[in-house]
Amino acid sequence: NQKLKKNIISFFLSFSFFTIANAQSPFQGTWKWDNNNNRLYVFIKSETLTNGSKVLSLDYKMVSINNGIETEIYSSKINGQFFWAGAILAEYPNGASGLIHDKTHPDTEDGYEGRFSLIILPPQAGSTIPRIHWRIRKFSDYMQPAVTNNPPDDFNLPVDIILTKI
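For every chain, the first residue of the written sequence is number 1, and numbering continues from 1 along that sequence. Totals for whole chains, interfaces and linings use every residue, but because this is a predicted model, local features are given only for residues with pLDDT of at least 70 and side-chain atom pairs only at 80 or more, for both listing and counting. Water and hydrogen atoms play no part in the side-chain values, which are based on all heavy atoms of the structure.

Got a sec to walk through the pairing of strand 3 (residues 54–66)? Specific residues and values, please.
With respect to burial, strand 3 is a largely interior element, 10 of its 13 residues being buried. Strand direction decides the pairing type here: strand 2 (residues 38–48) and strand 3, joined by 11 bridges, are antiparallel. For Arg39, the partnering residue across the bridge sits in strand 3 and is Val63. Between the antiparallel neighbours strand 2 and strand 3 lie 5 residues, among them Gly52 with a positive phi of about 95°. Two strands qualify as a pair provided that DSSP identifies no fewer than 2 bridges between them. Each helix is a run of H or I in the DSSP string that is no shorter than four residues. Each strand is a run of E no shorter than two, and both are numbered from the N terminus. Bridging between strand 3 and strand 7 (residues 86–92) involves 3 bridges; their strand directions are antiparallel. The residue bridging Ser57 from the neighbouring strand is Ala87, located in strand 7. Pairing analysis gives 6 bridges linking strand 3 to strand 4 (residues 69–75), with the strands arranged antiparallel. With a 1.4 Å probe rolled over the protein chains alone, any residue whose accessible area is under 20% of its type maximum counts as buried; one over 50% counts as exposed, and the rest are partly exposed.

And the structure:
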């Protein structure tokens, strides 16, 4: 009887893990933020590591828009390739958090590191478009709650905005 109970518990635990590990994240996809003639794109995609585990990677691109034509201002590309400027390290039912690297600042070759949080927001009235609150804090605040407002001084990236999914 105890052995049967153990097997049933093991089955449900492994099934639950399998279901969670293979479910698509609500954060996965392309997101945008418009600010006058500028637009920030945030790309979040699922990556499979060599050990088989999955992680959500994050890259970004800021463009200016003139007469419908987008011109890149900066991005997380290195030598023309996106390089995982950030990664979601923890995902919760209503949010996620991770680390981000801003290599867009002209005064440094190393870039700046920060911690970001994503909080799921309800769609605006009359809309079904998903929205998330994007907030970047100083890396030294890694032990603080996601709502801590302490943005890095030197980041070019917007540090407290609402993104919509496209």
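Read on, since the account is not over.
So what's going on with unusual backbone geometry? Residues and values would help.
Positioned with a positive phi, Asn36 is a non-glycine residue whose angle comes to about 55°. The class for Asn36 is exposed, based on a relative accessible area of 76%. Even without being glycine, Asn67 reaches a positive phi, approximately 55°. Within the secondary structure, Asn67 is located in the loop between strand 3 and strand 4.

Just give me the short version of the packing of aromatic side chains, but keep the residues and values in it.
Any pair of Phe, Tyr and Trp rings, taking the six-membered ring for Trp, is counted once the centres come within 6.5 Å. Such a pair is stacked with planes under 30 degrees apart, edge-to-face with planes over 60 apart, and tilted for the rest. Summed over all chains, the structure comprises 2 aromatic pairs. Aromatic side chains Tyr41 and Phe43 sit 6.1 Å apart centroid to centroid with 10° between the ring planes, which places their arrangement in the stacked category. Given a relative accessible area of 23%, Phe43 falls into the partly exposed group. Ring centres of Phe116 and Trp134 lie 6.1 Å apart, and the angle between their planes is 20°; this geometry places the pair in the stacked category. Taken together, the residues Phe116 in strand 9 (residues 112–121) and Trp134 in strand 10 (residues 131–138) connect sequence positions 18 residues apart. According to the relative accessible area criterion, Phe116 is buried, its value standing at 0%.

Kindly report on the pattern of salt bridges, identifying the contributing residues and their values.
Definition used for salt bridges: Asp or Glu carboxyl oxygen within 4 Å of a side-chain nitrogen of Lys or Arg. The final tally for this structure, using the stated rule, is 5 salt bridges. Residue Asp34 pairs with Arg39 through a salt bridge whose shortest N-O separation is 2.5 Å. A relative accessible area of 39% places Asp34 in the partly exposed class. The closest approach of N and O atoms between Arg135 and Asp160, which form a salt bridge, is 3.3 Å. One end of the pair, Arg135, is in strand 10; the other, Asp160, is in strand 11 (residues 160–165), with 25 residues separating them in the sequence.

Summarise the nonpolar core; cite the residues concerned and give the values.
Across soluble globular proteins, you tend to see nonpolar side chains buried next to one another. The definition of a nonpolar core used throughout is a set of buried Ala, Val, Leu, Ile, Met, Phe, Trp, Tyr and Cys residues joined through side-chain atoms within 4.5 Å. One finds Ile44, Ile100 and Trp134 to be the most contacted residues of the largest nonpolar core, which totals 24 residues. Per element, the largest residue contribution to this core is 4 residues, and it comes from strand 3. The contact partners of Ile44, leaving out residues within four places of it in the chain, are Phe27, Gln28, Gly29, Trp31, Leu56, Ser57, Leu58, Ile88 and Leu118. Contacts between residues were defined by any pair of non-hydrogen atoms, one from each residue, lying within 4.5 Å.

Quick one: what's the story with a nonpolar patch on the surface, residue by residue and with numbers?
Exposure above 30% relative accessible area and the absence of a salt bridge qualify a residue for a patch, where like charges join within 9 Å and nonpolar side chains (Val, Leu, Ile, Met, Phe, Trp, Tyr) within 5 Å. Here the open area of atoms and residues is found with the Shrake-Rupley method and a 1.4 Å probe, where only the protein chains shown may cover a residue. Where nonpolar side chains cluster on the molecular surface, the patch consists of Leu89, Leu99 and Phe139 and spans about 270 Å² of accessible area. With respect to the helices, strands and loops of the structure, Leu89 is situated in strand 7. The exposure class assigned to Leu89 is exposed, which follows from its relative accessible area of 60%.

Without other data, these values stay purely geometric and don't point to any function.
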